[in-house]
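If you want the building blocks of each chain, they are given just below.
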Amino acid sequence: MESQGMHNLNQHQDVYDSYYPHEPEPPPPPEISSQGIIAFDITQRFLNAAKTLEPGTLVKDGYFSLMASVGSIEIMDPKMDSGCLAPGESLDDDYDVTKPLGADEALGIIDQLLCHEMAWHLGYPLSQTLFTNVYIEALLMPFPQTVDEAHFIRNGEGALTYSVMDKNPVASILRAYCLGLLKSCHFVNERIKSEHYYEEEDFVTNTYHRSLLDHIELDDIRKALSHASLLAYKRRDVIPQDIAEGLGYRLEFREQFLRAIELVSESDQERAALQAPWEHMEMLWDAINKSHSLGVAVPEAFSAKIQRKLASTMPPRPIVQLSFEEANSHFKRLIADGKEVVKVLDFKDSQSLLNFVYFFQAKKPQPLVYIRTLLQSYLFKDMVILGSLSIRQVLDDDLSIVVMPCSRLLDPLNDEIELPSDPRFIMAQQMEVFRQRAAQSYLDIFRAICQNRCRIRRTLCHSIQDWETVQVDAEELDQALQPYSQEIPVPWPRASSPPAQRLPLSSWSYLYKLRLMEWIVQLGFELDIYASDELAGMYWYLSHLSRIRIQHIERIKHFTVSIVADLERRSVRVTREDEHQQDRSICYLQMSLLDATATRELADALSCFYTALLRLDLIVPPPRPYSTDELRYDIRMKPFAPIGLPELPSYEAFTRATQQADVPTSKLLDIADEAVGNAKKIFETLKKLDQKTVFTHGSHDRWVASMANGQRSAIATGLAVLVLRKALKDAPDPKKLPLKVEFKAPDKRYHEFWSVPSLVVKK
């Protein structure tokens, strides 16, 4: 018998004897019937070899890997060794699936399965949720080839045993529900795996080599559910009426869930048809919630021992215990989000689509990962946007809204020209080059927003570098297209500035890059990334980016208005469609100006306010012996460092702009007050705009709520400034104000982007 491993042999035999003076005799070698193996005891040889070693000598077998050594440490550790049993404990669970179940017990088991299903949706693995149920284990093992083989009780050959099932219809109802549950999990698992998500961070798709009935036809499972529903109402001799209704609600809920999932995979479905199952589920869930009290819990029907039979490298983990009250709130949210996400298919324009995805994903709490992947499926399935639009259609619509209303460059008739010397042929060719370059970056914005909030920020940090390249390529194409677009240079309002070209493609790219940069900074506030003493600087940088975006939008708007005025001056006949595009573009630019200005004003106010708090020692930076302000600045600005335009401010310029050393504290508070007043007025204006004006078709309620919360944040900032001003006036020493700064968690703020502190009097 060979010994492998890493042993620290630092004791001689006499030391060994002193620790273990009464060591019992080693057991005899095991009886092995094989003629090819001869076992003998090597204990004495091992001890004799140990006597020759000096203390501290390390002995390692060359073929003993790190994995094997870790495995040897885990042996007989109850927390790590899945085969380690307590005295008298058996490897298998003792629960008997053949015993008759009461109808109330079946109801309780189904409700517990609903809790485990929701725990799985929340990110826990199947091994700690659904796969701990003994009925599901009996249903799946041995592996059923057909729906008729998928029963809790089977003989040794895997065929059906009908005797028990016929005598107890409750078992048939539970079996049908488990079939529908497993099939639902299969569809959910496949949908999530087919879209962008993050394993272990969002969702665990591991099935531990168990089948989720993927090979069994959906129609067969649907028939089993229908038959079970009839059985629940027919067998009143076994099942009381109120419990029969409760079981019927749950079976019908499972049917509707499968129907909702099935419709997603079918093309050309109307929005009403896609919403119908979710609406039905909403009504059924209210009935399920009311009938929950009729069930009787059967905790022994769930066992962590089943995990030992799963194909997993992990030892058994505790069963996730999600209460029905928690599952109830999560299921309500899942159903409401499933019904709402279908609205994305009602396409009006590209900006409304972007706003819908943005505001839907910004919900608190955020939609579950299945809903987020469902949204991705609606958006990008088979590379067809919303099931009916090409990528070019959406991209051209966005270009026409933002920078190019009624532009010859977007005329679809250009594609029909085949003469290479024709300017329209060249325009079509160059625009196609741009679309191919920009389309993926544009679609990646939608896909990034569909991730969890942390991943959105991380993904956007990479996206802005890609948009930097798109902008450089667009500048070259703008130069190439100038001779063919027939657009004359437009004078800039400043007298000293010469007439300039519109450069629509690079202007569009630059605007999106600026928006993404602002989102990255704002998500930093939402995710609570910045320390309290960094808030003044980060709000200043947000204001800086917004100020640049305002200037850029004003430039785009100036060219758009000038071109429209030029057409009117030359009495060029404009179609109604062209007028609509021009009005739509000017409306968008005006709304964007208001939005950027509100961001700039409130960011300015908070930056000045936090600077004042730092000056008055109401915010005290923590000790950082291994860090400097400049190093932290480099870390915070790392995502923006590779960007050439807008150029990243130097640390010195950033520090001067944030600290404003030459501005008295009272003046800082005056600036904050004025900025707060401006922000409140703009938010009030934005709240009153209709959904057509602000491009929020399908998400207007969320837009209004976001603007209202921004206005509340501005009001709260004004109140905090007022409290600080009064304290400064009354206190003899401005460095010893009787105030304490309290920060709110992101989910407790009026708006996650605006971290407005509370100033409370010290007790």
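Scroll up for the structure.
Just so we're clear, the structure is a prediction, and the values are computed from it rather than from any experiment.

Asks: Which residues make up the pairing of strand S3 (residues 739–742), and what values do they have?
Replies: Along S3, the buried face is formed by Leu-739 and Val-741; none of Lys-740 and Glu-742, which line the opposite face, is buried. Here four bridges tie S3 to strand S4 (residues 758–761), and the two strands are oriented antiparallel to one another. Looking at the pairing, Leu-739 lines up with Val-761 of S4.

Asks: Outline the nonpolar core, listing residues and values.
Replies: Counting 209 residues, the largest nonpolar core has Tyr-135, Val-357, Leu-379, Trp-508 and Leu-724 as its most contacted members. Ranked by residue count, the leading element in this core is helix H19 (residues 576–615), at 15 residues. For Leu-379, the residues in contact, after removing those within four places along its chain, are Val-344, Leu-353, Val-357, Val-384, Ile-385, Leu-386, Phe-446 and Cys-450.

Asks: Account for helix H13 (residues 369–380), with residues named and values stated.
Replies: Over its 12 residues, H13 runs 16 Å from end to end, which matches the ideal 16 Å to within 8%, given 1.5 Å per residue. Within H13, 12 of the 12 residues are buried, which leaves the element mostly enclosed by the surrounding structure. Listed as buried for H13 are Val-369, Tyr-370, Ile-371, Arg-372, Thr-373, Leu-374, Leu-375, Gln-376, Ser-377, Tyr-378, Leu-379 and Phe-380. Where H13 ends, the next residue or the one after it, Asp-382, has phi of about 55°, a positive value.

Asks: Any chance you could break down the side chain of Asn-133 for me, citing the residues and the numbers?
Replies: Tracing the backbone shows Asn-133 in the loop between helix H4 (103–121) and helix H5 (134–140). Under the relative-accessibility criterion, Asn-133 is labelled buried at 0%. For Asn-133, the side chain forms a polar contact with the main-chain nitrogen of Ile-136, separated by 3.0 Å. Ignoring anything within four residues of it in the chain, the contact list for Asn-133 reads Ile-109, Leu-113, Ala-301, Phe-302 and Ile-306.

Asks: Before we move on, can you summarise unusual backbone geometry with the specific residues and values?
Replies: Backbone geometry follows two general trends: most residues other than glycine have a negative phi, and most peptide bonds adopt the trans configuration. Here the amide bond leading from Lys-364 into Pro-365 is cis, since omega sits at -5°, within 30 degrees of zero. Structurally, Pro-365 is set in the loop between helix H12 (350–361) and H13. In this structure, Pro-646 follows Leu-645 across a cis peptide bond, with omega equal to 0°. Summarising the element assignment, Pro-646 is placed in the loop between helix H20 (629–636) and helix H21 (651–659). The phi torsion at Leu-213 lies on the positive side, around 60°, for a residue other than glycine. Inspection of the secondary structure puts Leu-213 in the loop between helix H7 (169–193) and helix H8 (218–234).

Asks: Please set out the packing of H12 against H13 residue by residue, giving values where relevant.
Replies: Remark: H12 packs on H13, axes separated minimally by 12 Å, with the N-to-C direction vectors making an angle of 170°. One element, H12, and the other, H13, form an angle in the roughly antiparallel class. Contacts from Leu-353, Val-357, Phe-360 and Gln-361 of H12 reach H13 at Ile-371, Arg-372, Leu-375 and Leu-379. Grouping the amino acids of the contact of H12 with H13 by side-chain chemistry returns six nonpolar, one polar and one charged.

What counts and what doesn't
- Residues numbered from 1 in each chain as written.
- Predicted model: local features only at pLDDT ≥ 70, side-chain atom pairs only at ≥ 80, totals over all residues.
- Heavy atoms only, no water.
- Buried < 20%, exposed > 50% of the residue type's maximum accessible area, 1.4 Å probe, protein only.
- Helix = DSSP H or I, 4+ residues; strand = E, 2+ residues; numbered from the N terminus.
- Pairing = 2+ DSSP bridges.
- Core = buried A, V, L, I, M, F, W, Y, C linked by side-chain atoms within 4.5 Å.
- Contact = heavy atoms within 4.5 Å.
- Expected span 1.5 Å × (residues − 1).
- Polar contact = N/O pair within 3.5 Å; in protein donor to acceptor, adjacent residues only side chain to side chain.
- Axes fitted to C-alpha atoms, helices over the stretch in contact; angles between N-to-C directions.
- Parallel < 35°, antiparallel > 145°, perpendicular 65-115°, else oblique.
- Nonpolar A, V, L, I, M, F, W, Y, C, P; charged D, E, K, R; others polar.

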